[in-house]
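Topology and contacts: notes
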Amino acid sequence: MTTHHPIAIIGAGLGGLSLARVLHVNGIEATILDLDESPSARTQGGMLDIHEDSGQEALRAAALHDEFRALVHPGGEAMRVLDRHAVVHFEEADEGDGDRPEVARGDLRDLLLGSLPEGTVRWGAKVTGARPLGAGRHEVSLAGGTAFTTDLLIGADGAWSKVRPLVSDARPAYEGISFVEVHLHDAVKRHPASAALIGGGMFFALGAGKGFLAHHDITGSLHVYIALRTAEDWISTIDFSDTAAAKAAVLRQFDGWDASLRALITDADSELVPRPIHALPIGHRWDRVPGVTLLGDAAHLMSPFAGEGANLAMLDGAELGLALAAHPGDVEAALGAYEQALFPRSEASAAESAESLDRCFAEDAPKALLELFASYR
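Anyway, here's the lowdown on the structure attached to this text.

Conventions and cut-offs
- Residues numbered from 1 in each chain as written.
- Predicted model: local features only at pLDDT ≥ 70, side-chain atom pairs only at ≥ 80, totals over all residues.
- Heavy atoms only, no water.
- Axes fitted to C-alpha atoms, helices over the stretch in contact; angles between N-to-C directions.
- Helix = DSSP H or I, 4+ residues; strand = E, 2+ residues; numbered from the N terminus.
- Parallel < 35°, antiparallel > 145°, perpendicular 65-115°, else oblique.
- Left-handed = near helix turned anticlockwise from the far one by under 90°.
- Contact = heavy atoms within 4.5 Å.
- Nonpolar A, V, L, I, M, F, W, Y, C, P; charged D, E, K, R; others polar.
- Pairing = 2+ DSSP bridges.
- Core = buried A, V, L, I, M, F, W, Y, C linked by side-chain atoms within 4.5 Å.
- Buried < 20%, exposed > 50% of the residue type's maximum accessible area, 1.4 Å probe, protein only.
- Salt bridge = Lys/Arg side-chain N within 4 Å of Asp/Glu carboxyl O.
- Phe/Tyr/Trp six-rings, centres within 6.5 Å; stacked < 30°, edge-to-face > 60°.
- Polar contact = N/O pair within 3.5 Å; in protein donor to acceptor, adjacent residues only side chain to side chain.

1. Brief notes about the packing of helix α1 (residues 14–25) against helix α4 (residues 105–114)
The interhelical angle for the contact between α1 and α4, taken along N-to-C directions, is 25 degrees, at an axis separation of 9 Å. Between α1 and α4, the crossing angle belongs to the class labelled roughly parallel. Relative to α4, the crossing made by α1 is left-handed. For the pair α1 and α4, contact is made by Leu14, Leu17 and Ser18 and by Arg105, Leu108, Arg109, Leu112 and Leu113, respectively. Across the contact of α1 with α4, the residue classes break down as 5 nonpolar, 1 polar and 2 charged.

Dropping the structure here:
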């Protein structure tokens with residue numbers, strides 16, 4: 001017999017977990033299906049700044065805000081902005097009174113996972129597609145040939161969502177920027193000059209169409225994103241399995257940059273991992289489709305330059321959970337209310353993200369970013 005899940009959430013990222021937790025707090029159970037074989041199947045990325053008006057609101061709705069505060073990384077809200085010559089143009093300390101405290105993504109995910117009843121997440125369940133059955137019900141196909149049915153299907157499955165085609169033909173497009181991710185391990189002991197350069201919080205070193213974004217993570221490593229405004233196929237010209245060759249290719253893009261910045265490439269201890277940046281159209285939305293909706297990157301993938309991705313995913317999940325709790329027995333009313341707030345909120349953040357991308361990688365960078373920060377003072 002085909003398994004039936006009354007509420008099926010596809011994806012055990014921060015958004016899907018936030019939704020399941022808020023539903024649980026309100027006495028509503030759901031099933032999460034995730035393609036990873038286990039919670040520890042892959043690393044969960046670096047540090048996240050959790051915003052007072054979005055991510056933290058979600059954690060309050062999830063009754064986890066106090067536990068979240070215990071995970072905050074002291075000093076993580078500090079910031080430095082440099083130019084290509086490593087001249088510091090802006091520096092701000094973390095006084096402990098900011099509204100965007102930093103936590104490790106993995107710690108936050110573990111907090112949410114641990115707050116759910118055992119068995120909520122079904123691991124190793126890779127969704128390959130879904131089709132409507134009528135009256136708001138859907139059948140979801142899994143790798144391996146199995147399937148299940150659901151009364152409410154929620155796509156929390158990221159940029160390349162398998163649920164999105166049920167409501168929208170939109171697909172993410174390349175934003176003209178590619179990241180190359182690297183780590184410098186045990187930085188204070190092994191890379192003291194780089195550790196001092198980056199400082200205790202977020203670090204930007206920007207020039208025309210390129211730069212470095214970095215921070216310390218809780219393991220003591222420097223987590224660095226090397227950013228380049230480049231053609232979409234540039235990554236395919238580099239053999240990233242050959243670390244030495246990949247370093248040389250990336251380093252060539254930074255001829256004339258200060259040696260201390262180039263050292264973030266040459267001294268990297270990890271492999272180099274390419275991360276092309278994609279986004280859905282600003283203002284992406286869809287007509288109400290019975291029994292299905294999206295949240296997080298599946299709904300509004302944007303570049304990371306507004307710092308909103310994880311925060312919005314969590315807020316989406318919390319607001320959807322609250323809407324379902326507020327409309328017992330009327331899923332369509334709940335989804336309609338949720339999407340009515342989702343669309344303008346995500347459009348504003350996507351526009352801000354696109355504007356910030358252009359600001360960071362303008363020909364005269366970091367001028368526009370510095371002007372923005374000056375306007376806040």
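2. Brief notes about the sheet that holds strand β14 (residues 222–229)
Spatially, β5-β4-β12-β13-β14-β11-β15 is the arrangement adopted by the 7 strands of the open sheet, whose pairing is mixed. Edge positions in the sheet fall to β5 (88–92) and β15 (273–279), since each has one partner strand and no second. Along the sheet, successive strands turn relative to each other by an average axial angle of 20 degrees, direction set aside.

3. With respect to the nonpolar core
In globular proteins that are soluble, nonpolar side chains generally tend to be buried together. Ranked by size, the top nonpolar core spans 57 residues in total, and within it Ile9, Leu17, Ile32, Leu108, Leu153, Ile154 and Leu320 carry the most contacts. Residues within four places of Ile154 in sequence aside, it is in contact with Ile7, Ala8, Ile9, Ile10, Leu19, Thr293, Leu295 and Leu320.

4. Structural notes on the pattern of salt bridges
Applying the stated criterion across every chain, the model contains 17 salt bridges. Residue Glu57 pairs with Arg60 through a salt bridge whose shortest N-O separation is 3.1 Å. Remark: Arg60 and Glu57 occur in helix α2 (residues 55–61); sequence separation between them is 3 residues, near one turn of the helix. The class of Arg60 is partly exposed, set by a relative accessible area of 35%.

5. Quick notes on the packing of aromatic side chains
For the structure on display, the rule yields 8 aromatic pairs. Ring geometry for Phe179 and Phe305: centres 5.8 Å apart, planes at 85 degrees, overall edge-to-face. Of this pair, Phe179 sits in strand β11 (residues 173–184) while Phe305 sits in the loop between α9 (297–300) and α10 (309–326), and the two are 126 residues apart along the sequence. The burial state of Phe179 is the same as that of Phe305; both residues are buried. Taking the centre distance of 4.8 Å and the plane angle of 85 degrees together, the rings of Trp286 and Phe343 count as edge-to-face. Note that Trp286 is positioned in the loop between β15 and β16 (292–294) and Phe343 in helix α11 (residues 331–360), a separation of 57 residues in sequence. Each member of the pair, Trp286 together with Phe343, is buried.

6. Brief notes about the side chain of Ser178
Assignment of secondary structure puts Ser178 in strand β11. Residue classification places Ser178 among the buried residues on the basis of a relative accessible area of 0%. A distance of 2.9 Å separates polar atoms of two side chains, one belonging to Ser178 and the other to Tyr174. Ignoring any residue separated from it by four or fewer positions in sequence, one finds Ser178 in contact with Ile226, Ala227, Leu228, Thr230, Ile235, Arg275, Pro276 and Ile277.

7. Quick word on the pairing of strand β13 (residues 210–216)
Judged by how many residues are buried, β13 sits mostly within the fold: 7 of 7 residues are covered. Because side chains alternate across β13, one face comprises the buried residues Lys210, Phe212, Ala214 and His216, and the other comprises Gly211, Leu213 and His215, equally buried. The pairing of strand β12 (residues 202–207) with β13 spans 5 bridges and is classified as antiparallel. In the sheet register, Phe204 faces β13, and the bridge partner there is Leu213. Between β12 and β13, which pair antiparallel one after the other, the connecting turn spans 2 residues, and Gly209 there sits at a positive phi close to 70 degrees.

As far as function goes, none of this settles anything; it's purely spatial.
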